[in-house]
Amino acid sequence: MPIETALRFVQPSGQHADLLAVPFGGDLTADVELPVPVPALLAHHEAKGEPGEVVEVPVAHGDAVRRVLLYGIGDATPRALRKAGGAVARRARGRRSIDVTLPPGVGEQGWSALAEGALLASYTMRIGASRTKAVEEIRFLGPEEARPAVERAEVAARATALARDLSNTPSSEKNPAWLADRAVEVAGRSGLTAKVWSPGDLAAEGFGGILAVGQGSASPPRLIQLAYEPEDPDGTHVVLVGKGITFDSGGLSLKPTDGMKFMKTDMAGGAVVIAVLGALRELGARARVTGLVAAAENMPSGTAQRPGDVITHYGGRTVEVLNTDAEGRLVLADALAYADDVLDPDTVVDLATLTGAISIALGRDIGAVFSSSDDLAKELLEAGRVSGDPLWRMPLIDDYRPALDSQVADLSNIDSEGKYGGGAITAALFLREFTGGRRWAHLDIAGVSRSTADDGVLTKGATGFGTRLLLEWLSGYRS
Ligand code: BES
Ligand code: MN
Ligand code: ZN
């Protein structure tokens, strides 16, 4: 269920929507008669004009009553307007339509930010009977010139919704084959080519990490590739790699109930890769982009991998699996090694709900970026700031690398003695071993891929974090 709300530009006319949203201090013209002057009204509600504030006022409109939503826009930056748009759209839930105005000065970036926030906050996912529905139609009483920017923001918001949908789907339906089918569908409607490796293909080509993680499940693993060829290429090739664990029970290193509750979203990185690839053509991205999703279900069973097993990754490196719950790095290692060996990318970015440790370090509002390149880190930090998917750079500390030494294999998949701490860092160091020294960044999105509440532009459940960030980085849709 994607975003069901439609956006339209309309000219002010006699035809009113059910609601009218006007920013604090905005122009309440003509046919709206307020019962009390605006300043007194706002003072009464202790509203300061901050984004997120909405004061609902019934007004006389001819013989009838109409509702006006006075809403705060703060400093009117894109960030503030996204939040304001989200608050207005939430207030309009259950209604058919809402008219929205903005002050004349905000420009197309203001309108597009408002649109993005309103659409993201209108996202719903419900299996069975639905609660209050999102507003059906948002009508912008704005300048026609803002339309192209708003349409680009709409593409990014709908891509984010696709990522949320894929992540919110229960694992009873979502297994690796299902995820591959969804990716192939996206390819069909977005002008991409798709390739899916079956378990037989994976075995024939030596993808030992993906196979090992998937071997305990009744639903076998897949490797999914989507490729975007730009019409007007700039000559660069970017590979995006997503962790696609469709359910993470921990495997034989079983998680406790509480730790397993939300593990249907452990393919959030893969969902973002699919959603981003699906939006590149519409946004006119100029890099060639290949997406890889390493999809497996991590389950305990008689056929599951055991702690102490040694596996051989794509390209031949061996890893001692000391904890089967550190599975994300095992499937990613194969995909990263494949990207390096076969795809010859200029830049590789992986996204993964990789470690609980990163949410302890950074919390739920900001994602982590680890990178072998200062320039790439800078580009991604900037795209994160502009898009509203913010990142914080974390260090790849070489002194911690011995944590991954193994007695019997090239590497161990965890710091077995727990000597080093920094679980998100050692995980990133593990991935780095498979990147062939290429320009690479790793986004650990374990903290930010799920929201505990409807809040700002987020809806409870999967957030699609990283979709807007990567679309901004690859297409500059908001700059
Ligand atoms: N998918 C989890 C990480 C995770 C935890 C994501 C919480 C979202 C919320 C990952 O596969 C995992 O289990 N990581 C372990 C690594 C450990 C065994 C070294 C962790 O973080 O505990
Ligand atoms: Mn795990
Ligand atoms: Zn996991």
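Definitions and cut-offs
- Residues numbered from 1 in each chain as written.
- Chains lettered and ligands numbered in written order.
- Predicted model: local features only at pLDDT ≥ 70, side-chain atom pairs only at ≥ 80, totals over all residues.
- Heavy atoms only, no water.
- Donors = N, O, S within 2.8 Å, 3.2 Å for Na, K, Ca; no water.
- Tetrahedral: all angles 85-135°; square planar, octahedral: opposite > 155°, others 65-115°.
- Helix = DSSP H or I, 4+ residues; strand = E, 2+ residues; numbered from the N terminus.
- Pairing = 2+ DSSP bridges.
- Contact = heavy atoms within 4.5 Å.
- Phe/Tyr/Trp six-rings, centres within 6.5 Å; stacked < 30°, edge-to-face > 60°.
- Buried < 20%, exposed > 50% of the residue type's maximum accessible area, 1.4 Å probe, protein only.
- Axes fitted to C-alpha atoms, helices over the stretch in contact; angles between N-to-C directions.

**Overview of the coordination of the manganese ion (ligand 2)**
Note on the manganese ion (ligand 2): its protein donors are Asp248 (OD), Asp325 (O), Asp325 (OD) and Glu327 (OE). The metal-donor distances range over 2.0 to 2.2 Å. The coordination sphere of the manganese ion (ligand 2) comprises six donor atoms, whose angles at the metal cover 70 to 167°; the geometry is irregular. In the primary structure, the donors to the manganese ion (ligand 2) are separated according to the pattern D-x76-D-x1-E. The metal-metal distance between the manganese ion (ligand 2) and the zinc ion (ligand 3) is 3.2 Å, with aspartate 248 serving as a donor to both. Of the two residues, aspartate 248 sits in strand β9 (residues 237-248) while aspartate 325 sits in the loop between β12 (318-321) and α10 (328-343), which places them 77 residues apart along the sequence.

**What about the sheet that holds strand β16 (residues 411-412)?**
Strand order in the open sheet formed by three strands is β11-β12-β16, with mixed pairing between adjacent strands. The sheet terminates laterally at β11 (309-312) and β16, the two strands that pair on one side only. Two strands pair when backbone bridges link them, and β12 and β16 are joined in this way by two bridges, in the parallel orientation. Opposite glutamate 320, over in β16, you have serine 412 as the bridge partner.

**Considerations on the environment of isoleucine 274**
Structurally, isoleucine 274 is set in helix α9 (residues 268-283). With 172 residues separating them in the primary sequence, isoleucine 274 and leucine 102 have C-alpha atoms 34 Å apart. When sequence neighbours within four positions are dropped, the list of residues in contact with isoleucine 274 reads Leu166, Leu179, Ala183, Val186, Leu226 and Val293.

**Structural notes on the packing of aromatic side chains**
Taken as a whole, this structure holds ten aromatic pairs when the rule is applied. Aromatic pair phenylalanine 9 and tryptophan 111: ring centres 6.4 Å apart, planes at 50°, arrangement tilted. Placement of phenylalanine 9 in strand β1 (residues 6-9) and of tryptophan 111 in helix α3 (residues 107-121) is noted, with a sequence separation of 102 residues between them. The buried category is assigned to phenylalanine 9, whose relative accessible area is 12%.

**Brief notes about the sheet that holds strand β17 (residues 439-444)**
Here we have eight strands laid out as an open sheet, ordered β7-β8-β10-β9-β13-β17-β14-β15, and mixed in their pairing. Whereas interior strands pair on both sides, the edge strands pair on one side only; in this sheet they are β7 (193-197) and β15 (391-393). Across this sheet, the average inter-strand angle for adjacent strands is 20°, counted without regard to direction. Across five bridges, β7 lies against strand β8 (residues 222-228) in antiparallel orientation. If you follow alanine 194 over to β8, its bridge partner there is leucine 226. α10 contacts β7, β8, β9, β10 (288-298), β13 (347-352) and β17 of the sheet and is inclined by roughly 155° relative to β9. Along the sheet, helix α14 (residues 467-475) contacts β9, β10, β13, β15 and β17; its crossing angle with β9, the most-contacted strand, is approximately 170°.

The quantities given are spatial measurements derived from coordinates; they are silent on function.
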